[in-house]
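The chain contents come next:
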Amino acid sequence: MTAAQQGEDDDSHQRRSMPHQHQQHRRVLKLGRLLLKILILSIGISQIIIAERALRHPTSSFSTSIGRNESSIATLSSNFYSQQSLSAKDGDEKKKKKAQKATDAIVYLAQFSKVHSTYGAQQDIENNTLSGDSKLSKSLDLLYSNYVNNFPNNVHVIIFYVAEEGEPTAEVMEDLQLTNRPQLQLLPLNSTYWSLPYGLQKRDSFFWNRPMYSIGYRHMMRWFAILIWPYLTDLGYTHVMRLDDDSYIHSEIKYNLFDFMRDNNKVYGFRQPVIEDAVGLGWDSMVDSFLHVYKDATTQEQIDDFKKDRRISFYNNFFIADISFFMRPPASIFLNVIDRSNLIYTQRTGDLVIHSTVVRLLVSPDKIHWFRDFSYQHMTLCTNPKCGYGVVNGCPQNGGLSRGVGTYTDEEWNAITLDLQQTIKYDKKVVVLSVDKPVRECLWLLRRMTFIGARDVSNCLRRKERCYPFLKQFLSSNEIAESTKFIPS
């Protein structure tokens with residue numbers, strides 16, 4: 001046999017022994033090209049760009065050790081939300097919802113037990129234990145009297161709950177669903193929306209960052225950051241507003257907030273800005289990796305503006321959002337990457353951080369709205385061992401009461417804030433004893449003409465502080481000229 005014949009035989013043998021996975025790889029590439037052609041006919045140009053990029057780099061991976069390559073991320077992003085299916089029982093509820101006309105929802109996630117999974121038992125000024133439904137009832141009263149009753153047929157109010165975190169009794173459900181609260185429903189969340197992601201175990205939680213925050217609390221963060229969008233889309237809703245059971249709207253809102261968002265082409269609305277430094281280890285590098293891989297996801301101008309101060313955020317216990325934005329690329333891909341990183345659980349990366357990062361990077365400022373024309377309160381008092389640096393036990397740790405522009409005279413505002421100050425100052429549960437007498441050095445140091453509460457919001461509102469350059473873009477020229485009315489110096 002000649003050398004040439006030997007070479008041909010060797011080549012033939014190599015072709016016959018080609019690894020099976022190589023053949024599979026060629027088939028996958030052919031299938032990918034076919035799917036891409038189908039995509040061209042069915043989806044927008046932005047999604048095509050992302051899909052093409054994922055196909056070109058099938059072996060690239062994120063530096064945050066997410067452990068999935070771009071191809072798997074892009075593939076999963078297209079069907080991720082469709083996989084968040086409801087149970088058969090929830091499916092019946094879906095059909096009922098779709099038959100109704102309202103496309104706007106105001107949502108709560110209520111916990112009906114007297115002992116919060118993270119914050120423990122909560123007391124009022126007389127040391128009476130507060131149940132979740134007592135706070136919720138107050139929030140609902142204010143919501144209906146100051147907003148919903150003006151638009152009773154245009155919005156649904158949905159109270160989600162998880163049985164294992166506290167199930168409402170028949171009496172509580174009857175009290176909540178009063179005749180003067182139309183369009184109110186209570187819906188349970190099943191394990192699809194309230195369980196650990198694949199690969200995480202309950203026993204691992206002892207090693208997670210900030211272990212004082214329960215697994216249930218982390219489920220809540222994942223719900224509002226990731227899972228709420230496909231759930232509400234499946235029910236036929238297009239816009240959502242979130243409130244917590246201790247969120248209080250204190251002044252009347254005479255216009256339809258959802259129509260305002262639609263008519264003005266707004267994607268996301270917030271009420272209080274905040275500085276949030278607790279993002280978790282690995283968060284920044286994951287965000288940077290996403291921006292490096294998906295270069296067309298946003299503009300360089302927005303990236304540069306975001307990186308000037310990554311910690312400026314939206315306090316999202318109140319937000320209004322266009323759900324469709326979070327359901328389509330690039331936001332849906334970004335949320336999928338975040339979810340698969342498991343940082344929500346392992347690092348306690350909160351829904352506040354996730355909302356703020358995704359919106360600031362992917363939504364142009366002209367589509368973000370800062371609501372300032374109604375008074376809003378959400379305030380958490382710190383209880384050991386969760387007090388932050390420089391926060392006195394019993395004083396506001398997060399949030400506070402924001403004054404709506406034009407809602408009170410200065411005299412009325414002073415009376416309101418003084419009353420709130422005195423209530424907290426003499427709260428029996430959290431009085432701090434000094435050598436001589438009880439001391440509560442907190443609210444009166446932070447009381448201003450537009451806000452009273454914790455430093456996280458108060459400092460962000462000050463004109464000379466770091467938030468002002470960012471917030472300035474949401475003010476009109478007249479408001480900027482007179483910004484001391486809205487952003488205290």
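These notes cover the structure that comes with them. Since this is a predicted model, take the numbers as computed values, not measurements.

Quick notes on the rules
Residues numbered from 1 in each chain as written. Predicted model: local features only at pLDDT ≥ 70, side-chain atom pairs only at ≥ 80, totals over all residues. Heavy atoms only, no water. Pairing = 2+ DSSP bridges. Helix = DSSP H or I, 4+ residues; strand = E, 2+ residues; numbered from the N terminus. Axes fitted to C-alpha atoms, helices over the stretch in contact; angles between N-to-C directions. Core = buried A, V, L, I, M, F, W, Y, C linked by side-chain atoms within 4.5 Å. Buried < 20%, exposed > 50% of the residue type's maximum accessible area, 1.4 Å probe, protein only. Contact = heavy atoms within 4.5 Å. Arc of directions from axis to C-beta. Salt bridge = Lys/Arg side-chain N within 4 Å of Asp/Glu carboxyl O. Phe/Tyr/Trp six-rings, centres within 6.5 Å; stacked < 30°, edge-to-face > 60°. Lys NZ or Arg CZ within 6 Å of the ring centre and 35° of its normal. Disulfide = S-S within 2.5 Å. Polar contact = N/O pair within 3.5 Å; in protein donor to acceptor, adjacent residues only side chain to side chain.

Observations concerning the sheet that holds strand S12 (residues 319–322)
Thinking step 1. Taken in spatial order, the seven strands line up as S6-S5-S1-S7-S12-S9-S13 in an open sheet, and their pairing is mixed. Two strands bound the open sheet, and with one partner strand each, they are strand S6 (184–188) and strand S13 (368–370). Mean inter-strand twist for the sheet, computed between neighbouring axes without regard to direction, equals 20 degrees.
Thinking step 2. As paired elements, strand S9 (residues 268–270) and S12 share three bridges and run antiparallel to each other. Across the sheet, residue Gly-269 finds its bridge partner in S12, namely Ile-320.

Remarks on the sheet that holds strand S8 (residues 248–249)
Neighbouring strands of a sheet are bound in pairs by backbone hydrogen bonds; such pairs are parallel or else antiparallel.
Thinking step 1. Taken in spatial order, the four strands line up as S8-S14-S15-S18 in an open sheet, and their pairing is antiparallel. Two strands lie at the open edges of the sheet, namely S8 and strand S18 (451–453), each paired on one side alone.
Thinking step 2. Taken together, the two bridges between S8 and strand S14 (residues 376–381) define a ladder with antiparallel strand orientation. Considered in S14, the bridge of Tyr-248 is made with Gln-377.

Focus: the nonpolar core
Thinking step 1. Residues Phe-160, Trp-223, Leu-232 and Val-358 are the most contacted members of the largest nonpolar core, which totals 81 residues.
Thinking step 2. Ignoring anything within four residues of it in the chain, the contact list for Leu-232 reads Val-107, Phe-160, Tyr-237, Val-240 and Ile-323.
Thinking step 3. In terms of nonpolar packing, the next biggest core, distinct from the first, is built from 31 residues, Ile-106, Phe-151, Leu-186 and Phe-258 among them.

Remarks on helix H11 (residues 300–308)
Thinking step 1. Within the span of H11, buried status applies to Gln-302, Ile-303 and Phe-306. The arc enclosing the buried residues of H11, seen along the axis, measures out at 100 degrees, which places them on a common side. Of the exposed residues in H11, those oriented more than 90 degrees away from the buried face are Gln-300, Glu-301 and Lys-308.
Thinking step 2. Next to the buried residues of H11 lie helix H10 (283–293) and helix H15 (351–362).

Points about the pattern of salt bridges
Thinking step 1. Counted according to the given criterion, the structure contains 14 salt bridges.
Thinking step 2. With a shortest N-O distance of 3.8 Å, Asp-245 and Lys-135 are connected by a salt bridge. Of this pair, Asp-245 sits in the loop between strand S7 (239–242) and S8 while Lys-135 sits in helix H6 (residues 132–146), placing them 110 residues apart in sequence. Across the pair, exposure class does not vary: Asp-245 and Lys-135 are buried alike.
Thinking step 3. For Asp-277, the salt bridge is made with Arg-466, and the minimal N-O distance between the two is 3.8 Å. On the criterion of sequence distance, the pair formed by Asp-277 in the loop between strand S10 (273–275) and H10 and Arg-466 in the loop between helix H18 (455–461) and helix H19 (468–471) is long-range, its members being 189 residues apart.
Thinking step 4. Owing to a relative accessible area of 39%, Arg-466 belongs among the partly exposed residues under this scheme.
Thinking step 5. One network of salt bridges, in which partners are shared, links Asp-284, Asp-288, Lys-307, Arg-310 and Arg-311.

With respect to the packing of aromatic side chains
Any aromatic ring pair is given by two values, namely how distant the centres are and how the planes are angled relative to each other.
Thinking step 1. One pass over the structure, following the stated rule, counts 28 aromatic pairs.
Thinking step 2. With centroids separated by 5.8 Å and ring planes inclined at 85 degrees, the aromatic side chains of Tyr-193 and Trp-223 adopt a geometry described as edge-to-face. Residue Tyr-193 is found in the loop between S6 and helix H8 (215–234), and its partner Trp-223 is found in helix H8; the two are separated by 30 residues along the sequence.
Thinking step 3. The structure contains a cluster of three or more aromatic residues connected by ring pairs, namely Trp-229, Tyr-268, Phe-270, Phe-314, Phe-319, Phe-325, Phe-326, Trp-370, Phe-470 and Phe-474.
Thinking step 4. Looking at Arg-348, its charged tip hangs above the ring of Tyr-213, at a distance of 4.3 Å from the centre.
Thinking step 5. Here the basic side chain of Arg-372 rests over the ring of Trp-370, its NZ or CZ set 4.9 Å away from the ring centre.

Structural notes on the state of the cysteines
Thinking step 1. Applying the stated criterion across every chain, the model contains one disulfide.
Thinking step 2. Each disulfide pairs two cysteine sulfurs, and for Cys-460 the partner residue is Cys-467, the sulfurs being separated by 1.9 Å. In this structure the cystine formed by Cys-460 and Cys-467 twists about its S-S bond by roughly -95 degrees; its chirality is therefore left-handed. There is no split in this pair, since Cys-460 and Cys-467 are both buried.

Quick look at the pairing of S14
In summary, the side chains of a regular strand alternate between the two faces of the sheet.
Thinking step 1. When you tally the buried positions in S14, you get five out of six residues, the bulk of the element.
Thinking step 2. Summarising the sheet, S14 and strand S15 (residues 396–402) pair through six bridges and their orientation is antiparallel. For Gln-377, the partnering residue across the bridge sits in S15 and is Leu-401.

A word on the side chain of Arg-310
Thinking step 1. Mapping Arg-310 onto the fold places it in the loop between H11 and strand S11 (312–314).
Thinking step 2. Within polar-contact distance, the side chain of Arg-310 engages the side chain of Asp-288 at 2.9 Å.
Thinking step 3. Not counting chain neighbours up to four residues away, the residues in contact with Arg-310 comprise Asp-284, Val-287, Asp-288 and Arg-360.

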